[in-house]
Amino acid sequence: MNDEKYTVGAANIGNIHSDLGQNVMAHLKEVAPDLARYITEFFYGEICTRPGLDMKSREIATLAALTTLGNAPLQLRAHVYAALNCGCTREEIMEVMLQMSVYAGVPAAMNAVFIVTEVFQDLDRRANEEGR
């Protein structure tokens, strides 16, 4: 266990995913504490802090990978929010989905687009509620 990487990783989860990521990790910690710690330390504390890619680029790569997998809708949804938090535009996210239609196939890209659209609709609904 590396407490320094855990601390950095936990901060990154908050910066990248906001409350959503912190809530997911808290729940994961209850049912699989070792997995939660490993993800926090290794991915968010070590991989995400490496030089070479900024977080926006990392999130674009993550969206592409999750779209290609085609079996991780919860993670894709979380990373659409994260990509927006890290500076991706809605247009860039949809462009990733179009790009993945070539490599992952049209069905995988369509499923991902439906998830992305749900996230956009959720954000629009929240914005409208806050505007009232």
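See the structure shown above.
Just so it is clear, the model here is predicted, and its values are computed rather than measured.

J.: Pulling in residues and values, what's your account of the overall build of the protein chain?
T.: Within the protein chain, the regular secondary structure consists of six helices and zero strands. If you list the helices and strands of the protein chain from N to C, you get α-α-α-α-α-α. In terms of C-alpha radius of gyration, the protein chain reaches 15 Å, essentially the compact-globule figure of 14 Å for 132 residues. With the C-alpha coordinates aligned to their principal axes, the bounding extent of the protein chain is approximately 40 × 40 × 30 Å.

J.: Report on the packing of helix α1 (residues 3-31) against helix α2 (residues 33-44), specifying residues and quantitative values.
T.: When two helices pack together, their arrangement is captured by the angle between the axes and the distance separating the axes. It is the contact of α1 with α2, at a shortest axis distance of 8 Å, that shows an interaxial angle of 140°. Relative to α2, α1 is oriented oblique. Crossing of α1 against α2: the hand is right-handed. Looking at side-chain class alone, the contact of α1 with α2 contains 13 nonpolar, four polar and five charged residues.

Quick notes on the rules
Residues numbered from 1 in each chain as written. Predicted model: local features only at pLDDT ≥ 70, side-chain atom pairs only at ≥ 80, totals over all residues. Heavy atoms only, no water. Helix = DSSP H or I, 4+ residues; strand = E, 2+ residues; numbered from the N terminus. Rg over C-alpha atoms; globule rule 2.2 N^0.38 Å. Axes fitted to C-alpha atoms, helices over the stretch in contact; angles between N-to-C directions. Parallel < 35°, antiparallel > 145°, perpendicular 65-115°, else oblique. Left-handed = near helix turned anticlockwise from the far one by under 90°. Nonpolar A, V, L, I, M, F, W, Y, C, P; charged D, E, K, R; others polar.

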